[in-house]
Amino acid sequence: MYPFTYHRPASLDDAKARLSASEDGRPLAGGMSLLPTMRFRLTSCADLVDLNGIEALAGIERGDGHVRIGAMTRHAAVVESPEVGEAIPALAALAGSIGDVQVRNRGTIGGSICFADPAADYPAGLLGLGATVNTDRRAIAADDFFTGLYETALEDGEIVVSVDFPVPARAGWAKFGNQASRFAVVAVMVSLSGGSVRLAVTGARSHVFRVPEMEQALAGDFSAEAMDGIAVSSEGLNEDLHADKDYRAHLIGVMAKRAVRDALAQ
Amino acid sequence: MTRERHYIPESRQREKPKSKYFAIGHSMKRVEDTRLLTGSGTYADDVSLPNMAHAAVLRSPHAHARIVSIDKSKAEALPGVLCVMTGAEAAEVTGPCADFSSPPTTQHCIAVDKVRHVGETVAAVVAESRYIAEDACELIEVEYDPLPAVVDLEEAVTSTGDAVLHPERGDTNVAHHRVIDFGTVDEDFAQADLVIERRLRWPRSGGTPIETVGATAHYDRGTGKFTIHANTSMYNYVGWLIAVSLKVEPHRLNIVPTDAGGSFGSKLFCHKVCTLAGTLARAAGRPVKYLEDRIDNMTSGDAHGSDRVYDAKLALKRDGTMLSMRLKVIDDYGAYFQYGVGQHGNAMAQVTGPYKINSVQVDLTAVFTNKCQQGAYRGFGSEVGNFVIERLVDAACEELDIDPIEMRRQNLIEQDQFPYIMPTGNMYDSGNYQAVLDEALGMIDYDGWRQKQAEAREEGRYIGIGISTCQERSVFSATEFWMWNPNETPGFTLSSSPESVSVNIDPTGKAFITLNAPFWGNSPETMAVQVLAEKLEMDPSDISVGYADSDKGFNSSGPGGSRFTVMIAGAVSGAADVIKEKMLRVASHMLEADPSDLEFRNGSIGVQGVPGKEKTLAEVALHAHYFRLDLPEDHDLTSGIDAAYVYDHPVTTMPSEDRTDLGIFYPIVGHMCHIPVVEVDVETGKVDFLDYVAVHDCGTMVNPMTLAGHVRGGTVNGIGSALYEHFHYDENGQLQNALLSDYLHPTPMETPVDIRVGHVETPSPFTEYGIKGGGEGGRMGAPPAIAAAVEDALKPLGVKVDSLPLTPKVLRGMIREAEANGG
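Residues numbered from 1 in each chain as written. Chains lettered and ligands numbered in written order. Predicted model: local features only at pLDDT ≥ 70, side-chain atom pairs only at ≥ 80, totals over all residues. Heavy atoms only, no water.

1. A closer look at the overall build of chain B
The helix and strand tally for chain B stands at 20 helices and 29 strands. Relative to the compact-globule value of 28 Å for 823 residues, chain B shows a C-alpha radius of gyration of 28 Å, a close match. Each principal axis of the C-alpha distribution contributes one length, and for chain B these read about 90 × 75 × 55 Å. In chain B, which comprises 823 residues, the share counted as buried stands at 64%. Partitioning the intrachain contacts of chain B with sequence separation of at least 6 by distance along the chain shows that 80% fall at a separation of at least 24. Here chain B displays about 28,400 Å² of accessible surface, and carbon together with sulfur accounts for 50% of that area. Taking the average location of the 72 positive side-chain charges in chain B and that of its 114 negative ones, the two points are 1 Å from each other. (Helix = DSSP H or I, 4+ residues; strand = E, 2+ residues; numbered from the N terminus. Rg over C-alpha atoms; globule rule 2.2 N^0.38 Å. Buried < 20%, exposed > 50% of the residue type's maximum accessible area, 1.4 Å probe, protein only. Contact = heavy atoms within 4.5 Å. Areas by Shrake-Rupley, 256 points an atom, 1.4 Å probe, with all protein chains shown as cover. Lys, Arg positive; Asp, Glu negative; His and termini not counted. Charge placed at Lys NZ, Arg CZ, Asp CG, Glu CD.)

Here it is, written out as structure tokens:
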């Protein structure tokens with residue numbers, strides 16, 4: 001770790017002021033990804049602005065047709081939330097599949113989507129459910145939020161405040177996780193709202209993506225069998241020690257079907 | 001001395017197994033728990049000395065390269081840096097690291113001239129803080145001249161020239177090659193109706209404890225003496241070799257043990273880190289702490305495990321009778337050779353398993369490659385042998401269409417055949433293998449699971465049941481380290497492997513035990529307390545335990561090779577006999593009775609048959625400590641009650657000159673049967689456990705609870721070896737998974753909810769109370785059982801398991817291939 005100045009503001013305005021005053025400032029949420037990369041000296045910053053003291057950023061509330069989750073809400077709170085469990089059980093399942101107990105008690109939804117790890121779970125949750133990201137200055141659709149490997153549409157100093165998840169008719173989550181880290185090797189969130197289907201895959205490319213062929217097939221027939229014969233190309237998929245691209249392509253098909261079965265079981 | 005072949009020394013057992021014990025056999029809570037669970041342990045990083053500085057190392061980015069130049073000027077100029085040392089500078093004051101190979105293999109604590117694996121230390125920095133030391137490492141400029149990287153173990157056999165790691169040992173990377181026939185191999189194969197052949201691959205994994213290796217060294221210029229605090233073991237056995245490396249006389253090095261935060265074998269000696277810390281402390285003129293970080297430990301911890309390919313053959317009669325084996329093995333030892341082929345000496349202890357196999361040929365080739373060198377890891381090579389023979393037996397069952405259980409029943413050594421001399425000359429002291437098998441089958445409901453398996457297959461689910469019946473050799477003796485060496489270069493042919501202890505009775509009659517081996521993650525204090533409590537019929541809570549440094553310690557090999565419980569029981573028992581004799585003498589004067597008429601009874605010494613006529617241990621102890629003039633004028637009756645005792649290995653013999661008889665070297669042999677039930681998700685390749693039974697016979701159990709903990713922990717360790725763990729080097733010799741985020745361990749989520757443990761007790765006729773070791777057993781039995789279970793699950797697809805680990809990616813690949821072949 002390289003030296004930095006630690007800040008712990010108590011309000012969003014104070015956090016914004018400190019970030020804008022710094023030439024090289026970074027907000028700190030749960031620290032589950034940022035701190036390890038700093039520890040390994042892969043990342044450094046002059047000012048670390050800790051958002052954990054801003055109470056207004058955490059919390060879950062049921063709105064009209066949606067569930068709003070504050071950026072600093074821990075994964076464990078999402079797992080245990082009656083609002084989420086009732087409205088979007090697949091989202092609670094997603095949160096419950098992240099890391100281990102310690103990670104879920106510490107990590108936050110805002111931290112996860114801002115870090116935009118290619119194998120993080122929440123990006124699939126946002127894209128697969130058609131969520132909207134509310135920042136201190138605007139609302140960004142999930143389709144526009146994730147832009148690349150560890151990259152998002154956020155501008156310098158922009159802070160995520162909350163995420164709005166529309167309540168779907170059905171949604172399902174299926175994940176094949178890495179045994180050590182619990183990061184997704186491949187995970188799929190699928191949702192059905194009205195007649196439209198969203199199916200998002202994480203873990204398989206630089207960033208989360210939808211699979212239009214599968215969505216179209218499911219829009220006509222929301223069943224696992226509707227995707228028979230739809231193969232996702234392995235071209236451009238991630239390769240690492242734990243999975244090569246052909247294995248990942250295969251897993252997308254398997255996990256997509258399991259996600260649909262999960263949605264139908266709820 | 002020449003002895004007849006297969007000579008078995010007379011048993012030195014003094015304490016026979018009993019039907020009822022005072023303290024042994026009770027599942028008392030661990031003595032260590034309160035200290036460790038309340039954060040009161042002292043681990044390597046908890047050591048802090050006045051004026052202490054901190055070290056960090058610069059690691060080689062190359063697998064194999066000449067060091068052309070090192071510019072350390074920028075690092076030295078960084079404020080807070082005390083000294084920067086290169087290998088050449090270190091070598092001026094410090095000799096090579098301890099090494100047991102023959103001919104010797106030179107390794108320095110900082111590489112000199114050449115680096116031989118990624119992560120090898122190229123330079124070290126001492127600074128006011130670890131942060132500054134790491135900053136300074138980044139400022140050191142090293143110019144390398146890359147050499148060919150040798151990564152593949154079979155290619156290593158033929159490499160020459162620049163690809164040779166240690167040219168002084170010859171123009172080859174073959175570190176060792178020898179073929180030995182143990183028994184009448186050719187004749188036995190000639191009688192065979194069938195020879196099973198399998199090519200089997202055991203992957204490189206390692207102990208990877210949460211706490212890495214660390215040492216804090218202080219060099220006293222006034223006395224010329226080093227003090228090194230470290231999480232090492234064997235410091236009272238071969239720790240003096242670190243003094244040799246530091247070029248001081250052994251009495252000028254005191255090694256102080258810290259608690260070890262896990263080892264699994266990997267901290268057996270840790271000589272390199274101790275040598276490095278000592279070298280830096282002397283150079284800096286300050287106490288220096290060096291603690292490996294995770295990458296240091298994974299890339300350069302000197303403790304990778306076996307990495308072998310076998311061409312293995314098992315000769316049988318048509319009726320399933322096993323006759324003989326031929327094992328051709330290449331083992332990738334990495335860049336250095338600290339224990340020679342000790343891991344293969346070890347495997348010879350039980351190479352033919354629990355079966356009546358008459359002979360075995362072993363063709364052993366050890367090679368150097370540009371990887372971290374091998375060290376000790378739970379099983380020390382024998383776990384691989386168990387995997388190999390069990391895979392061959394399962395293959396034979398398939399070929400001959402014999403049920404795996406019937407095949408084992410037919411070939412297991414019978415109860416009336418012990419002590420049993422197996423083909424390599426090692427002795428199996430005792431056992432009841434059929435009873436272990438019966439117990440395991442009863443616990444798992446074997447027939448019930450076969451029924452469920454058939455039903456599941458109808459539903460398209462793949463459930464498999466595996467079985468392993470394996471040996472669990474315990475109580476190593478030192479001959480295993482050199483028995484493979486050629487006669488012309490025998491090396492250091494040590495044959496002592498003792499354990500020692502001292503016991504002091506305080507003036508109130510309570511006891512303090514000093515161990516001469518460290519806390520290593522096991523339960524050494526609990527074991528010593530239970531045995532002493534048994535001997536003196538003393539309340540275990542009246543006994544406490546400490547650890548001797550090497551200034552005060554006696555010759556003690558320490559834990560390793562599943563020996564500590566057996567050996568400390570021998571040492572404590574011997575010391576307690578001295579104590580008892582002294583207490584009886586004192587009590588006899590106090591009670592005016594002959595010592596032979598006295599007995600220990602529940603905290604007192606009394607006259608046999610005369611209730612009430614007794615003195616408490618406290619009264620006797622107080623008398624012995626402070627009332628000398630009340631006692632007779634016997635010159636050998638001195639004040640106080642203290643004993644030190646060195647217990648030599650209970651039963652060992654020397655190998656024959658030609659090594660066709662390795663002698664008795666690992667004779668206290670337990671047995672186990674593991675039966676996992678798994679389900680394979682054929683779409684993803686993931687393996688889940690539905691049930692798991694592990695039955696072990698470790699002789700008399702000192703503490704069934706801690707033994708069960710060893711069995712469960714070892715089994716999880718074995719699950720890691722079978723399904724997940726693998727140091728993955730790419731073709732350039734780069735370690736791809738030097739962090740625990742990529743080196744996969746089984747976590748509670750990959751572990752059976754309940755590993756159901758059963759016990760059978762067949763006491764050893766050679767050890768005190770009949771105890772056998774059980775520290776490594778789980779890892780020695782789980783991998784072959786899991787391999788068998790996965791193969792059984794995938795039988796409809798025809799998948800064969802010849803290599804580990806069976807990660808989801810690997811297993812899915814095998815399933816895909818089988819499906820493509822119309823499986």
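From this point, the discussion proceeds with the structure in view.
2. A closer look at the interface of chain B and chain A
The interface of chain B with chain A comprises 25 residues on the first partner and 24 residues on the second. Contact between chain B and chain A buries roughly 2,000 Å² in total, counting both sides, with carbon and sulfur atoms accounting for 56%. Counting every contact that joins chain B to chain A gives 5 salt bridges. For the pair chain B and chain A, the number of links is 12 residue pairs in polar contact (both at pLDDT 80 or more). (Buried area = accessible area lost by both parts, 1.4 Å probe. Salt bridge = Lys/Arg side-chain N within 4 Å of Asp/Glu carboxyl O. Polar contact = N/O pair within 3.5 Å; in protein donor to acceptor, adjacent residues only side chain to side chain.)

3. Some words on the nonpolar core
Most often, soluble globular proteins keep nonpolar side chains buried together rather than apart. Residues and elements named next belong to chain B. By size, the foremost hydrophobic cluster in this structure holds 167 residues, and its most contacted members are Leu 314, Val 790 and Leu 794. Among the elements that make up this core, the one with the highest residue count is helix H11 (residues 382-400) (10 residues). When we break this core down by domain, the ones giving at least three residues each are domain 1 (44-147 + 211-261 + 269-300) and domain 2 (308-480 + 655-820). Val 503, Ala 528, Ala 569 and Ile 605 belong to the second-largest nonpolar core, a separate cluster that totals 58 residues. (Core = buried A, V, L, I, M, F, W, Y, C linked by side-chain atoms within 4.5 Å. Domains from an automatic or database assignment.)

4. Looking at helix H18 (residues 704-723) of chain B
Three or four residues apart is the spacing at which side chains of an α-helix point the same way, because the helix has 3.6 residues per turn. All names here are of chain B. Spanning 20 residues, H18 covers 28 Å between terminal C-alpha atoms, matching the ideal 28 Å at 1.5 Å per step. With 14 of its 20 residues buried, H18 lies for the most part within the structure. The N-cap residue of H18 is Asn 703: its side-chain oxygen and the backbone nitrogen of Met 705 are 3.0 Å apart. (Expected span 1.5 Å × (residues − 1).)

5. Looking at the pattern of salt bridges
Residues and elements named next belong to chain B. Tallied over the entire structure, the rule returns 74 salt bridges over all chains. The partner of Glu 141 in a salt bridge is Lys 74, with the nearest N and O atoms 2.6 Å apart. In this pair, Glu 141 is assigned in strand E6 (residues 141-146) and Lys 74 in helix H2 (residues 73-77), connecting sequence segments 67 residues apart. Looking at Lys 74, the relative accessible area reads 47%, which means it is partly exposed. The shortest N-O distance in the salt bridge between Asp 186 and Arg 326 comes to 2.5 Å. Remark: Arg 326 occurs in strand E14 (residues 322-332) and Asp 186 occurs in helix H6 (residues 185-190); sequence separation between them is 140 residues. If you follow the salt bridges from partner to partner, you end up with Arg 198, Glu 390, Arg 391, Asp 394, Arg 408, Glu 791 and Asp 802 in one network.

6. Thoughts on the environment of B:Ser263
Residue and element names in this part refer to chain B. Within the secondary structure, Ser 263 sits in the loop between strand E11 (253-257) and helix H8 (271-284). On the basis of relative accessibility, which here comes to 1%, the residue Ser 263 falls in the buried class. It is 40 Å that separates the C-alpha atoms of Ser 263 and Pro 796, two residues lying 533 residues apart in sequence. If near-sequence neighbours (up to four positions away) are discounted, Ser 263 is found in contact with Gly 207, Pro 209, Leu 268 and Trp 520.

7. What to know about the domain arrangement of chain B
Residues and elements named next belong to chain B. When its domains are assigned, chain B resolves into domain 1 (44-147 + 211-261 + 269-300), domain 2 (308-480 + 655-820) and domain 3 (498-647). Facing the 22 residues of domain 1 at the interface are 24 residues of domain 2. Buried area between domain 1 and domain 2, both sides added, is near 1,900 Å², and the carbon and sulfur share of it is 63%. Linking domain 1 to domain 2 there are 0 salt bridges. If you look at where domain 1 meets domain 2, you find 8 residue pairs in polar contact (both at pLDDT 80 or more).

8. Some words on the packing of helix H11 (residues 245-264) of chain A against helix H20 (residues 808-820) of chain B
Helix-helix packing is characterised by the crossing angle of the two axes and by the distance between the axes. Running from amino to carboxyl end, H11(A) crosses H20(B) at an angle of 80 degrees, the nearest separation of the two axes being 11 Å. Relative to H20(B), the element H11(A) is oriented roughly perpendicular. The residues of H20(B) that touch H11(A), namely those facing A:Asp246, A:Tyr247 and A:His250, are B:Pro808, B:Lys809, B:Arg812 and B:Arg816. (Axes fitted to C-alpha atoms, helices over the stretch in contact; angles between N-to-C directions. Parallel < 35°, antiparallel > 145°, perpendicular 65-115°, else oblique.)

9. Overview of the packing of aromatic side chains
Counting across every chain of the model gives 20 aromatic pairs over all chains. Note on A:Phe145 and A:Phe146: the rings are 5.0 Å apart at their centroids and 80 degrees apart in plane angle, and the pair reads as edge-to-face. Taken together through their ring pairs, the aromatic side chains of B:Phe100, B:Phe269, B:Tyr339, B:Phe380, B:Phe476 and B:Phe481 make up a single cluster. (Phe/Tyr/Trp six-rings, centres within 6.5 Å; stacked < 30°, edge-to-face > 60°.)

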